[in-house]
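Residue-level listing of the chains:
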Amino acid sequence: MAHVSDLPCDGDGACMSCKATPPPEDRLHCRTCITPWHVACLTRKPETLASVADWDCPDCSPTVTAAAASGGAAAAAGGSSSGELITAIRAIEADETLSEAEKARRRQGLVGGGGGAVEEGDDDCASFRCSICIEILDRPVTMPCGHNFCLKCFEKWIKQGGHSCAKCRASIPPKMKCQPRINLALVAAVRMARSKSTPSGADPSKAYNFVHNQNRPDKAYTTERAKKAGKANAASGKIFVTIAPDHFGPILAENDPVRNQGVLVGESWEDRLECRQWGAHLPHVAGIAGQSEYGSQSVALSGGYEDDEDHGEWFLYTGSGGRDLSGNKRTNKEQSFDQKFEKLNEALRISCKKGYPVRVVRSHKEKRSSYAPESGVRYDGIYRIERCWRKAGTQGFKVCRYLFVRCDNEPAPWTSETHGDRPRPLPVISELKGATDVSERKERPAWDFDESENVWKWTKPPPLSRKPAPTGNADASRSYKKSSRWRIPRGQSFVRERTREGGRTLRTQKNIMNCPTCQFDITEFLKNPQINRDLMSCIEQLQLQLKTTGDDATDDKLEEEVDIVEGDMGTTPNACKRRKTLEQKGKMSEEKGDDSPSSPLQVVSDSDD
């Protein structure tokens, strides 16, 4: 009789008892389930070479199957014996009309007591069940051994002290224990399987969106300097969507003249430069896009602060600032002073108070999040800021904190659902107890859920854009950027005073002011501006010529009208009316004291003389 210690080889060919990979000559395959076993680890080995061909593994041996049959499998099948069960399995294997997947499904149904029958609709989702909770996978995590678990089940298994796979006992890498990642390909497969079983009236069009490489635009332009020092100094390239830089909400198909579909949830790019080209998040490096007196349009989760917490449908976001980035400290991660609700932090607070929609992108640099992509940058939809406050961070200084909650009409990339978000209760945030400067929305949000239409939409008119949208012409965009930068603030000094922290005075530095056309420094000219007399005289001559030409054209037009009236005199009533009108115009000019003739008819007589 086989003992419970007998274990087969796993998917990689390693024995699950001794953890060694036996050579092919030391492996023994069961004739019923075709499972490989390590001969040295078997409690009962085949006695002769002839019995190897007809060998059954401990799970398929008559003794074990009889016990299983008496316990429930045989009872469920109507009291069938173990021999009948093995005969049924061999009959399935001998059926050439069935595929390998169908054979495996029927074998599982027989061993599980289902008699080989599978419920309608379970065929598509049978392989998409968690090995722990036996439910359809939710936020699936794939082990190196190939078994799949729900993210919550996996985290619970790790907290209970599990160090190996719950199904095959294969060891789990330490990195995966700390940073499990959701298998987005499996999410798409589960979503496709569910869409097949949806009713005919349902709309399965909101499935997981994926953009193939051949449909993606050209990469952003990279300068030679950026190739050496990093892409932070690279140019952004062409903007492919017709939205203003301060556009709120999703990017719709009407703003996408290239593909006519807009920016879809789940769409990913190689880096932040390509993400900028499609308007999801415009800044190259900064994690917040917005204006302090207007609001914030988008944020990026890239692991910049240790205080961030990502839970998928909601996350806690840390504001910007608090770090010394002077000189060459551009990558300083140590906080040296408190954050305040100013600049970009104030922009996020305005979006919180108004209830504006905020686009969210996740980067692969966020290593602590299970919802971050494996590579590149991914657009994850619309979120709304519900609360914001200040509290002491992990480094001892105060940071600005924001609670983001997802509210998009499309499903998230990590969910298996085919519908978007629904209004959900706010999570309990423990750090709010000791927080200061707490801000909450006291009015109806501008972006809210409409129960009648069952969609998220604008309940108030969206904020009007204060910046022009790109026209698609690269030259026009560059010229607009140059002209918009050409401003000389009133009271700006031509030199800049500099001092160190200790009070030591440094040399003054010149403020360079470039020409908007040739980028030449015109600081010296602005100190003592002079009028260009030659150009001024040319302009006056041109104005005089235009005025003279305009007066001559008026006289010629008047003469033509008089000639027409004289030619039509006595033939039509309209000619008399036109003549009276012209005579009245002449009398009015005579009363004003003009040198022009008293009657337009005199123009004809004078010209004849």
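The name given to the chain in an unreviewed UniProt entry is RING-type E3 ubiquitin transferase, with Acorus calamus as the source organism. A UniProt comment under Subcellular location (unreviewed entry) is attached to the chain, and it reads "Nucleus". Of the chain, the UniProt comment under Catalytic activity (unreviewed entry) reads exactly: "S-ubiquitinyl-[E2 ubiquitin-conjugating enzyme]-L-cysteine + [acceptor protein]-L-lysine = [E2 ubiquitin-conjugating enzyme]-L-cysteine + N(6)-ubiquitinyl-[acceptor protein]-L-lysine."

Asks: So what about the overall build of the chain? Which residues, and what values?
Replies: Along its length, the chain carries 17 helices and 17 strands. Residue pairs in contact within the chain that sit at least 24 positions apart in sequence constitute 55% of those at least 6 positions apart. About 36200 Å² of surface is accessible on the chain, with carbon and sulfur atoms providing 52% of the total.

Asks: An account of the pairing of strand β14 (residues 447-450) is requested, with residue identities and associated values reported.
Replies: Across four bridges, β14 lies against strand β15 (residues 455-458) in antiparallel orientation. Residue pairing in the sheet places Asp450 in a bridge with Val455 of β15. Turn length for the β14-β15 hairpin, with the two strands adjacent in sequence and antiparallel, is four residues, and the turn residue Asn454 shows positive phi of about 60 degrees.

Asks: Tell me about the side chain of Arg323, residues and numbers included.
Replies: Here Arg323 shows up in the loop between β9 (314-318) and α12 (344-354). One buried charged residue, Arg323, forms no salt bridge at all, with the nearest opposite charge on Asp307 at 7.1 Å. Polar contacts involving the side chain of Arg323 include one to the main-chain carbonyl oxygen of Gly304, which spans 2.7 Å. Excluding anything up to four places from it in sequence, Arg323 contacts Gly304, Tyr305, Asn332, Lys333, Glu334, Gln335, Ser336 and Phe337.

Asks: Can you explain the confidence of the model for the chain? Please cite residues and give values.
Replies: The share of residues in the chain with pLDDT of 70 or more is 67%, and the mean pLDDT across the chain is 75. Put simply, helix α3 (residues 73-76) is where the chain has its lowest mean pLDDT, 36, and strand β10 (residues 358-363) is where it has its highest, 96. A low-confidence stretch, residues 596-609 (pLDDT under 50), is modelled with 20 contacts involving residues beyond four sequence positions or located in other chains.

Asks: Quick one: what's the story with the environment of Leu264, residue by residue and with numbers?
Replies: Considering the arrangement of structural elements, one finds Leu264 in the loop between α10 (224-229) and β5 (268-269). Taking relative accessible area as the criterion, Leu264 reaches 16% and is therefore assigned buried. In this structure the C-alpha to C-alpha distance between Leu264 and Ala280, which are 16 residues apart in sequence, comes to 9.9 Å.

Asks: Describe the packing of aromatic side chains, listing the residues and the values that go with them.
Replies: All told, the structure shown has eleven aromatic pairs when counted by the stated rule. Consider the rings of Trp447 and Trp458, whose centres lie 5.8 Å apart with planes at 85 degrees: the pair is edge-to-face. On the criterion of sequence distance, the pair formed by Trp447 in strand β14 and Trp458 in strand β15 is long-range, its members being eleven residues apart. Members of the aromatic cluster, joined through ring pairs, are Phe315, Tyr317, Tyr383 and Phe404. Over the ring of Trp278 we find Arg259, and its NZ or CZ is 4.0 Å from the ring centre. The ring of Tyr305 is capped by Arg323, whose NZ or CZ atom sits 3.9 Å from the centre of that ring.

Asks: Any details on the UniProt feature "domain: RING-type" (unreviewed entry) in the chain? Residues and values, ideally.
Replies: If you check UniProt for "domain: RING-type" (unreviewed entry), the listed places come out as residues 130-169 in our numbering. Helix makes up 22% of residues 130-169 and strand 15%. Its end C-alpha atoms lie 15 Å apart.

Asks: Got a sec to walk through the pattern of salt bridges? Specific residues and values, please.
Replies: With the rule as written, the count across this model stands at 24 salt bridges. Across the salt bridge formed by Arg259 and Glu267, the nearest N and O atoms sit 2.6 Å from each other. We note that Arg259, like Glu267, is buried. Notably, a salt bridge pairs Arg401 with Glu431, separated by 2.9 Å at the nearest N-O pair. With Arg401 in strand β12 (residues 398-406) and Glu431 in the loop between β12 and β13 (436-440), this pair connects stretches of sequence that are 30 residues apart.

Asks: Give a detailed account of helix α7 (residues 151-159), specifying residues and quantitative values.
Replies: For α7, the full list of buried residues reads Leu151, Cys153 and Phe154. End-on, the buried residues of α7 take up no more than an arc of 165 degrees, which puts them together on one face. Exposed residues on α7 whose side chains face more than 90 degrees from its buried face are Lys152, Lys156 and Lys159. Elements in contact with the buried residues of α7: β3 (140-142), β4 (148-150) and α8 (174-178). Following α7 by one or two positions, Gly161 adopts a phi angle in the positive range, close to 100 degrees.

Asks: Pulling in residues and values, what's your account of the nonpolar core?
Replies: By size, the foremost hydrophobic cluster in this structure holds 40 residues, and its most contacted members are Met143, Val299, Tyr317, Leu348, Tyr402 and Phe404. When sequence neighbours within four positions are dropped, the list of residues in contact with Leu348 reads Ile288, Ser296, Val299, Tyr317, Ile385, Tyr402 and Phe404. With 19 residues, the next largest nonpolar core counts Val265, Ala300, Val361 and Trp447 among its residues.

Asks: Outline unusual backbone geometry, listing residues and values.
Replies: The phi torsion at Arg169 lies on the positive side, around 65 degrees, for a residue other than glycine. Inspection of the secondary structure puts Arg169 in the loop between α7 and α8. For Asn260, which is not a glycine, the phi torsion comes out positive at approximately 60 degrees. Assignment of secondary structure puts Asn260 in the loop between α10 and β5.

Asks: For the pairing of β10, give the residues involved together with the corresponding values.
Replies: Counting buried positions along β10 yields six of six residues, so the element is predominantly enclosed. Note: strand β7 (residues 295-301) against β10, four bridges, orientation parallel. Residue Val299 lies in a different strand from β10, and its bridge partner there is Val360. Pairing of β10 with strand β11 (residues 377-392) involves five bridges; the strand directions are antiparallel. Paired with Ser363 across the bridge in β11 is Val377.

Cut-offs used in this document
- Residues numbered from 1 in each chain as written.
- Predicted model: local features only at pLDDT ≥ 70, side-chain atom pairs only at ≥ 80, totals over all residues.
- Heavy atoms only, no water.
- UniProt positions renumbered as here; feature names shortened; annotations may be inferred.
- Helix = DSSP H or I, 4+ residues; strand = E, 2+ residues; numbered from the N terminus.
- Contact = heavy atoms within 4.5 Å.
- Areas by Shrake-Rupley, 256 points an atom, 1.4 Å probe, with all protein chains shown as cover.
- Pairing = 2+ DSSP bridges.
- Buried < 20%, exposed > 50% of the residue type's maximum accessible area, 1.4 Å probe, protein only.
- Lys, Arg positive; Asp, Glu negative; His and termini not counted.
- Salt bridge = Lys/Arg side-chain N within 4 Å of Asp/Glu carboxyl O.
- Polar contact = N/O pair within 3.5 Å; in protein donor to acceptor, adjacent residues only side chain to side chain.
- pLDDT = per-residue confidence, 0-100.
- Phe/Tyr/Trp six-rings, centres within 6.5 Å; stacked < 30°, edge-to-face > 60°.
- Lys NZ or Arg CZ within 6 Å of the ring centre and 35° of its normal.
- Arc of directions from axis to C-beta.
- Core = buried A, V, L, I, M, F, W, Y, C linked by side-chain atoms within 4.5 Å.

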